[in-house]
Amino acid sequence: MTGYVLRRLLQLLPVLLLASLGVWAMVFAVPGSPVGALVGENATPEQIRETVARLGLDRPVLEQYWFWLLSALHGDLGLSIQSREPVAMLIAERIPATIQLGLSSTIVGLVFGIPVAIISALSPRGWLDRALSGWSALALGVPTFWLGILLILLFAVTLNWLPSVSAFVPVWLDPWGAVVNTLLPALTLGIYVSGIFARFLRAALLGELKADYVRTARSKGLRERDVIGRHVMRNALLPFVTVVGLMTASFIGGTVVTEAVFTYPGIGRLLIQAIDARDYPLIQGCIMFILVIYVLMNVMVDVLYAYIDPRIDYG
Amino acid sequence: MSPTSSGGAAPPDAPVLSVRDLAVSFGAGRVVRGIDFDVFPGEVLGIVGESGSGKSVTALAISGLLDASANVSGSVRFAGLEITTANPEDLRHMRGVDVGMIFQDPTTTLNPVLTIGRQVTEGQVAHRLISAEAADAQAEALLREVDIPDPAARIGQFPHQFSGGMRQRAVIAMAMAGHKKLIIADEPTTALDVTVQAQVLAVLARRRAETGAAVILITHDLGVVAEVADRVAVMYAGRIVETGTVDAIFRTPRHPYTSGLLRSLPRLDTVAERLQPIDGQPPIASRLPSGCAFHPRCAIGRERPECQTEPVLRDIAPGASVACHFPQSEAATLPARIASEARGARGAPLLEIEDLRVHFPIRSRLLRRRIGWVRAVDGVNLTVHAGETVGLVGESGCGKTTTGRAIMGLLPASGGRIRFDGEDITGLPRSELRRIRRQMQYVFQDPFASLNPIRTAGEIVAEPLRIHGLYDQMGGDIYIGGLFEKVGLSAAMMGRLPRQFSGGQKQRIGIARALALQPRLLILDEPVAALDVSIQAQIVNLLQDLQRELGLAYLFVAHDLSVVRHICDRVAVMYLGRIVEESTRDALYATPVHPYTQSLLSAVPLPDPALRNARRRIVLRGEIPSPARPPTGCTFHPRCFRATARCAAEAPVFASYPGLPSSVACHFPGAAE
């Protein structure tokens, strides 16, 4: 198993290398010169010459990439243009907050999505299934910013139970404070994603319920809840973990709108601020971070796959 | 097979299961339409029928496993319980404690993500017949009872680590755990190879004798029924049309459908000039014919006014009943089979294969380096003459289909020569190969998957002509219409889509498509394996007629030795990528000399209950090994009953030896003792 994980991580290297090339080359896609983007619009010719020399932009293109890559590998993603602080540090500060919100949202999504899927699949096309499918469609269809505002209105303004602005309170320092502060944004994202989870799991369960082994399980006289719980669920999880993994990656990679609504200090807001300020080193850093999260999440999904399905040989 | 029931002994009085006027419908489809039967302790009741006859639905109704969309009426009584109205808890208890079920495909019957041990015992654990702590020991004991080697290690394995035959034995172990009163086996060996089928049937028979359970054996295979059943019920269009002891059913079938089925069956033990298929198609449950559902296909009742009313099942002798206005008397039974001579080869060979090899690389996971070879085809020699049918037989995984595909150029050959009409076609450039391929066409096994569902039948048949740019030159639609007529379809059907055709008709379309380019050789890959017996005979006859009319050569790839005997002039037997024996049909079936051929032939169940105990049966050990790790020496030696140390060390050469009727690859060839 360990060997399999190591091998999968090793296989990531070329992917990440290619991704880094894309991220690095982004600067060249900016209208005007990259230097202009790096130093800002009001820079003097002096400053520009100085930056060009400092960044080595007068050297051959490949050498520039190599230089950038080496620094990146040493944890040096450059300085933010706006704040003059190291990009790596800015991102690192946001990581715990982002992961906390991302995981909480996924958990909320699972808590809502899995029961909805199971209940729907048990009586396909029955009235309960229709009602729950309506719920899923609604959860998917309502824009998150609007749902976020509604939740703030209800829980923060009207009932005054929860804060309307969600600060980052680390769960390991103050669990209750973390719940209070994370609940609303996590609900916003979780309700949305529960619609996706419910749809995928319902489809997977319905597919599995038609399988022959289900008939075999019933022919042994198992209780229906054991047929679902022991036999069907594990098989249906296979396609489901892919979706859960991807959605979790997308949350950890930053949820721009929700973080904005709740003024939550996650990667998403950092990225938006960076884009607003045309802070290219910071944009590069954020995007690289998001890419790494996606790729790692994919490996985790594959490892989970091998764990769930014995037919996948991770030897 | 068991001491209590051999030869269909008179059953004791109280039945285990009583079915009365059972009817099941799904919407407008009346799938089971009022059936009555009893099953007595210790007996094997065979329920025979073609697809759509309602036999599997009957099995599910008996076990209370039909889904909610089914409409059930009538009565099913099992050990004092009325199953049609029982509450779910009682049904669950009945299934867990008293009734075991064995299903068709052991690959899908078992849950892929749970261990075998757990699946074998979880029913007993759930019903508190054994404790959870005792489950492992129990699983081990159960697997040992069905001859699974090293059961202690096997209980922790998953289904994919078991071979097909072992999986089905595990399912039998599961179904027969505890003290079951009734076992329902729905096509239990249909998905298995014939040598494995023999093993599984033997295990089933032994476990049945040990447990004394009654068995309902549902199958389309008349050979298996003749071999295993005490009594038989024949189903057609949702009704039982005939019941009787197994001897009576096979010796003096009373219903025209039963005798029609027996007549349409190719036999391993004799050769008929021509099969006698049942005309037409089995009806569809939602569109049944009026009156007797069989009358449109019946040779006797087709025009008679009586057959416009549905006959009831009535007793005609003790233990025998028939639902027919004109049950046949003993005189009207099977016609004598006329032995037909296989034709000898003549003229220059059309297709010559010399030392053909098809190897697939096995690659390592990380760097995709080649770490070995799967030797799917490993040195095959074969010749097909014009107008001749050569059979290529063997069990799944022996390489017969790969051989056919390599000849067509659908797979690259790794070595050897393929000559067509004297011309070496191995390594020909693509354009040249296209020219040759016009003369060789391929008919696929699965008529359901091999026709594009969104093209009309006419377009499908015309496609080869369009690919070769010959559509107008050959005469366009008129020519295609002619092909439809030639394969027994009507030109008016050209505009229909594949789903509007039955299985047999689809295979006719597949044959018409193969004939479109006027080839000289057809490679027929299991062309009748997916079809019902009565339809299979129609297609076999069509193939024989076309061959006579067009002078076609056939390479007939198949696993069914009876069909092969009926249609082929020469037969080659493959095992693990090599031909082990090749001979004329008559010599091969009369005096096989390779031990593998002998065991194959002895494993085929014959549709004649009189031969049940008379035949010597060679039950092979184990199953066909992986071609990635073939055994040393003679690849058959681990399963061979004649193997010596020499066989493990030295591979025999395939050649014709003096004094033997066949070419053979064996150190110790010879007639079976």
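The rules we used
Residues numbered from 1 in each chain as written. Chains lettered and ligands numbered in written order. Predicted model: local features only at pLDDT ≥ 70, side-chain atom pairs only at ≥ 80, totals over all residues. Helix = DSSP H or I, 4+ residues; strand = E, 2+ residues; numbered from the N terminus. Contact = placed C-beta atoms within 7 Å. Nonpolar A, V, L, I, M, F, W, Y, C, P; charged D, E, K, R; others polar. Buried ≥ 20, exposed ≤ 12 C-beta atoms within 10 Å, placed from the backbone. Pairing = 2+ DSSP bridges. Domains from an automatic or database assignment.

Asks: With reference to specific residues and values, describe the overall build of chain A.
Replies: Helix and strand counts for chain A stand at 13 helices and 0 strands. Each helix (α) and strand (β) of chain A, taken in turn from the N terminus, gives the series α-α-α-α-α-α-α-α-α-α-α-α-α. For chain A, the spread of C-alpha atoms along the three principal axes comes to 80 × 55 × 35 Å. Taking the contacts inside chain A whose residues are at least 6 apart along the sequence as the reference set, 69% of them involve residues at least 24 apart.

Asks: A description of the interface of chain A and chain B should follow, citing residues and the corresponding values.
Replies: With 20 residues of chain A at the interface, the matching set in chain B holds 22 residues. For the side of chain A that touches chain B, the elements supplying multiple residues, two or more each, are α9 (212–219) and α10 (224–252) of chain A. It is α9 of chain A that contributes the most residues to the side of chain A that touches chain B, 6 residues altogether. By residue class, the composition of the side of chain A that touches chain B is 5 nonpolar, 5 polar and 10 charged.

Asks: Explain helix α21 (residues 595–603) of chain B residue by residue, including any values.
Replies: Residues spaced three or four apart along an α-helix face the same direction, because each turn holds 3.6 residues. Residue and element names in this part refer to chain B. Of all 9 residues in α21, 7 are buried; the element is thus mostly enclosed. Those residues of α21 that fall on the buried side of the exposure criterion are Pro595, Tyr596, Thr597, Gln598, Ser599, Leu600 and Ala603. Where α21 is buried, its residues meet α8 (194–211), α19 (561–567), β21 (570–575), β22 (578–584) and α20 (585–590).

Asks: How would you explain the pairing of strand β4 (residues 71–78) of chain B if you had to name every residue and give the values?
Replies: Residues and elements named next belong to chain B. Bridge analysis of strand β1 (residues 17–26) against β4 gives 7 bridges, and the strand direction is antiparallel. The residue bridging Leu17 from the neighbouring strand is Phe78, located in β4. Hairpin remark: β4 followed by strand β5 (residues 81–82), antiparallel, with 2 residues in the connecting loop; positive phi at Ala79, about 45 degrees.

Asks: How would you summarise the domain arrangement of chain A if you had to cite specific residues and measurements?
Replies: Residues and elements named next belong to chain A. Considered domain by domain, chain A is made up of domain 1 (2–87) and domain 2 (95–308). Inter-centroid distance (C-alpha atoms) of domain 1 to domain 2 is 33 Å. Facing 21 residues of domain 1, the contacting portion of domain 2 comprises 17 residues. Broken down by secondary-structure element, the contributors of at least two residues to the side of domain 1 that touches domain 2 are α1 (2–25) and α2 (34–39). Sorting elements by how many residues they give to the side of domain 1 that touches domain 2 places α1 first, with 10 residues. A breakdown of the residues in the side of domain 1 that touches domain 2 according to their chemical character gives 16 nonpolar, 4 polar and 1 charged.

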